[in-house]
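The primary structure of each chain is shown beneath.
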4 protein chains.
Amino acid sequence: MNDQFNIYREAEKTEKLTPKQKLIFQSAIELFSERGYANTSTKEISEHAGVSEGSIFRKFKNKEELLMAILTPLTHKILPQDLDKFSRTAYQNGNLNLKYFLTTMINDRISLFKYNHKIMKIFLNEFIYDQHIHDRLIESIPKKSFKQFNEVLDDLKKKQILIDWDNLEIFRFLASNILGYLIEHYIIVDVKKWNEPLEIEHITDFIVKGLTPTK
Amino acid sequence: MNDQFNIYREAEKTEKLTPKQKLIFQSAIELFSERGYANTSTKEISEHAGVSEGSIFRKFKNKEELLMAILTPLTHKILPQDLDKFSRTAYQNGNLNLKYFLTTMINDRISLFKYNHKIMKIFLNEFIYDQHIHDRLIESIPKKSFKQFNEVLDDLKKKQILIDWDNLEIFRFLASNILGYLIEHYIIVDVKKWNEPLEIEHITDFIVKGLTPTK
Amino acid sequence: MNDQFNIYREAEKTEKLTPKQKLIFQSAIELFSERGYANTSTKEISEHAGVSEGSIFRKFKNKEELLMAILTPLTHKILPQDLDKFSRTAYQNGNLNLKYFLTTMINDRISLFKYNHKIMKIFLNEFIYDQHIHDRLIESIPKKSFKQFNEVLDDLKKKQILIDWDNLEIFRFLASNILGYLIEHYIIVDVKKWNEPLEIEHITDFIVKGLTPTK
Amino acid sequence: MNDQFNIYREAEKTEKLTPKQKLIFQSAIELFSERGYANTSTKEISEHAGVSEGSIFRKFKNKEELLMAILTPLTHKILPQDLDKFSRTAYQNGNLNLKYFLTTMINDRISLFKYNHKIMKIFLNEFIYDQHIHDRLIESIPKKSFKQFNEVLDDLKKKQILIDWDNLEIFRFLASNILGYLIEHYIIVDVKKWNEPLEIEHITDFIVKGLTPTK
DNA sequence: AATGAATGAGGGTTCATTCAT
DNA sequence: TATGAATGAACCCTCATTCAT
């Protein structure tokens, strides 16, 4: 049911991986997320996958290609691809408000990231630290998403249900709080149990209040 | 003037580094932040510092000790060490409100990180990936800060000028938005110029509104 | 027409190669001569031939067997196999002279090498460096050729139309100048166009003059 | 006394090699000439030199740089650098003739190559087979030598003591016969003993006769 | 104190060869 | 017969660390 959020299963399909190559793929995700790309040797990956080291390089030209094969699918999903769906939903409801729109979007993003938090961890790190990978990833993020995102925000601002700040700032407020939540609970993982629905509601409330225009 | 926020100058003092060792120290910060700890060789550090490779290991037992020498001072400063100063300030002003308290604190944190963003960049990465370093750093964060932080928040909540959410959640909202801002502008460094005071005001407004109790 | 000089076509016949194996054979010649035996991978050969890598090893036990299959036929032709034909020709002409004999022989050798210069290039390299191949090739050069060669030279010397030097020296003068010409134009391949008949005439003249006994 | 012809001793000096690096240098010459550059592993070189493998890469950036360090000095000497010295010698003698000029030059070249036949073997092979190295070597051959060579030949042709063929052809006749001799005796090394002065005299006679203009 | 030559374990990658399909 | 996935030894090279000078 939640397979719509499982990114790498899809990647495995489209890349036509053999069973052993799937093991390599999954082992790489496991180890990269655990100890970082630079700190994981191809030998370790092959051992974790129960496969010869050479097998890695049959499918993946080199270690970086393996990393990109893991990360690229995410770049196509990392921004909501049908933002207008959310805004339309809000309109259909008749009861047009920012909260409903954001609630839908935030939950969608959280679901996506939850099911791919290991890849997300790898992604976040490489995106910040490896300029080369940073550039390659930026390129592969669909331009369409950016455009849509801006259109929706501009529309909301025009209707005066969104504060009139720069779109990039608004985007950062969204991203910071969603990612902050996810990083705390899924990446740093010190905390054992928590009331997820409640916290998500808090996040939504927090963002909605923060982005509502002051009268 | 802003030397109060300069962490590594202090580190150099306390560790009693010779001039050459200072060069090593600064070169390591420069290169670790630029290309990551794992991707920086001691050879490169020594060359950047204009020093022989062996000199690194005279002062620092090994590469990791050098890293820890860079990061440890930060752990003592990463949480505000005199939060009550901020709250007292707010009181003294007579005009007690959340915004003033947060404004002071946020600006303080941003100043600290700005003047140490290279170390921060190194810190973020190692904190996420190296369990060993993660643990050492957690230990060295002063317990006192945690306690103080909780006391202040509880006080604010009692006075009903702060929303009644879990302190850790509130902390996360603060941290997420401050770090989000800093990472965007000081670590990812795609953007060239921006209106810093305005953005900081937005951040403060955003957080204040988000954390103000609903009537 | 010039198929008498085409060595590998013959090889293909005698080894009874299937069409795919012919492709492998020709691809190997192409690539070995281009980048050297050691620098050509079986994968590259199979790709160049449009064939699976495994197919190479169906016919050829290993990479070296493939090399030997290419080189061995050359070793049976590398020395003129019917030298007496040349000398007889010279006699029949009635106009017995060294020049006519050498002209015929030199042109014959040049024709042979021209049509097999890729194999020759491979041969020259392996002959020099691989002792194992060196020995195998020396063995497979027909003893008859040596004997014939000596007989012809001795006869010419007796008739005092050839200088009285050691046969091996004379052989080297012949070989050096013929190979020098071929290596320059067919193996080093820097030069674009040249007057082949003229140069061959010069070579012949040069050798004839050099080997004519001084009165 | 003959150290004027020893190229690599000079190389070792100019490159300021440590004793261990000299061992590496000499081992590389030994092994490259014995089994070829491509068939010699850096591990083998280090073992032959009784040194750790890493030591190779302290001085030489990579395997190819090691090869170039061996070959480059030769490229500066491979063509006679003071051809006019030979021609002047011939003139001074009063008894100006082609034979004297060639005798001097041929003996000089043979001496040079004899004392560096291992490097020559490596050189010949890489020059023919590795396009990349071919180009680098061509570049480093001093242009002056080419110019001088042409001037001397043109002068000799004008005085009608040298046949009027293209200079490149004449060069090839010289090179082919000198190299043929050296390759036979110093590189293929099947022959045990031979009368060197006699053979060199034959070579000189052979070339002189071949290049003397026909009346 | 400072140097930098030397080490050798381990890194990513290539490749001839095997073998199940 | 033909394929190509899989292997693992060997390859070139990097690097933190040691130590004689």
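Residues numbered from 1 in each chain as written. Chains lettered and ligands numbered in written order. Predicted model: local features only at pLDDT ≥ 70, side-chain atom pairs only at ≥ 80, totals over all residues. Heavy atoms only, no water.

**Some remarks on the relation of the copies chain B and chain A**
Moving on, step 1. At an RMSD of 0.4 Å, chain B and chain A line up after a rotation of 179° and a shift of 0.3 Å along the axis. The transformation just described matches what one would write down for a two-fold rotation axis. (Least-squares fit on C-alpha atoms with pLDDT ≥ 70 in both.)

**A word on the protein's contact with DNA strand F**
Moving on, step 1. Taken together, 27 residues lie near DNA strand F, and A:Ser55, A:Arg58, B:Thr42, C:Ser55 and D:Lys63 sit nearest.
Moving on, step 2. For DNA strand F, the backbone portion of the atoms within 4 Å of the protein, that is sugar and phosphate, comes to 63%.
Moving on, step 3. A:Thr18 is positioned with one of its side-chain polar atoms (N or O) 3.0 Å from a phosphate oxygen of DNA strand F.
Moving on, step 4. Between DNA strand F and B:Lys63 there is a distance of 2.8 Å, counted from a phosphate oxygen to a backbone nitrogen or oxygen.
Moving on, step 5. Looking at the surface near DNA strand F, the elements that each hand over two or more residues are α4 (53-59) of chain A, α4 (53-59) of chain B, α4 (53-59) of chain C together with α4 (53-59) of chain D. (Near = heavy atom within 4 Å. Polar contact = N/O pair within 3.5 Å; in protein donor to acceptor, adjacent residues only side chain to side chain. Helix = DSSP H or I, 4+ residues; strand = E, 2+ residues; numbered from the N terminus.)

**Some words on the interface of chain C and chain D**
Moving on, step 1. Facing 37 residues of chain C, the contacting portion of chain D comprises 39 residues.
Moving on, step 2. With both chains or domains summed, chain C and chain D bury close to 3200 Å², and 59% of this area falls on carbon and sulfur atoms.
Moving on, step 3. The interface formed by chain C and chain D includes four salt bridges.
Moving on, step 4. Here D:Glu199 makes a salt bridge to C:Arg172, at a shortest N to O gap of 3.1 Å.
Moving on, step 5. Here chain C and chain D share 14 residue pairs in polar contact (both at pLDDT 80 or more) between them. (Contact = heavy atoms within 4.5 Å. Buried area = accessible area lost by both parts, 1.4 Å probe. Salt bridge = Lys/Arg side-chain N within 4 Å of Asp/Glu carboxyl O.)

**Points about helix α8 (residues 117-129) of chain D**
Moving on, step 1. Over its 13 residues, α8(D) runs 18 Å from end to end, which matches the ideal 18 Å to within 8%, given 1.5 Å per residue.
Moving on, step 2. For α8(D), the complete set of buried residues consists of D:Ile119, D:Met120, D:Lys121, D:Ile122, D:Phe123, D:Asn125, D:Glu126, D:Phe127 and D:Tyr129. (Expected span 1.5 Å × (residues − 1). Buried < 20%, exposed > 50% of the residue type's maximum accessible area, 1.4 Å probe, protein only.)

**Comments concerning the interface of chain B and chain A**
Moving on, step 1. Taken together, the 37 residues of chain B in the interface contact 39 residues of chain A.
Moving on, step 2. Run the count over chain B and chain A and you get 14 residue pairs in polar contact (both at pLDDT 80 or more).
Moving on, step 3. The set of elements that each furnish at least two residues to the side of chain B that touches chain A consists of α8 (117-129), α11 (167-188) and α12 (196-211) of chain B.
Moving on, step 4. The biggest single contributor to the side of chain B that touches chain A is α11(B), with 12 residues.

**Describing the side chain of C:Glu196**
All names here are of chain C.
Moving on, step 1. Within the secondary structure, Glu-196 is located in helix α12 (residues 196-211).
Moving on, step 2. Exposure remark for Glu-196: the relative accessible area of 17% places this residue in the buried category.
Moving on, step 3. A distance of 2.7 Å separates a polar atom in the side chain of Glu-196 from a polar atom in the side chain of Lys-114.
Moving on, step 4. Residues within four places of Glu-196 in sequence aside, it is in contact with Lys-114, Tyr-181 and Tyr-186.

**What to know about the pattern of salt bridges**
Moving on, step 1. What the rule picks out here adds up to 44 salt bridges over all chains.
Moving on, step 2. Two residues, C:Asp205 and C:Lys99, come together in a salt bridge whose shortest N-O distance is 2.8 Å. Here C:Asp205 is found in helix α12, whereas its partner C:Lys99 is found in helix α7 (residues 98-114), with 106 residues between them in sequence.
Moving on, step 3. For C:Lys99, a relative accessible area of 35% puts it in the partly exposed group.
Moving on, step 4. Linking D:Glu34 and D:Arg35 is a salt bridge whose minimum nitrogen-to-oxygen distance equals 3.6 Å.
Moving on, step 5. Overall, the relative accessible area of 28% leaves D:Arg35 in the partly exposed class.
Moving on, step 6. Here the residues in one salt-bridge network are A:Glu34, A:Arg35 and A:Glu44, joined through shared partners.

That is the geometry; function is a separate question.
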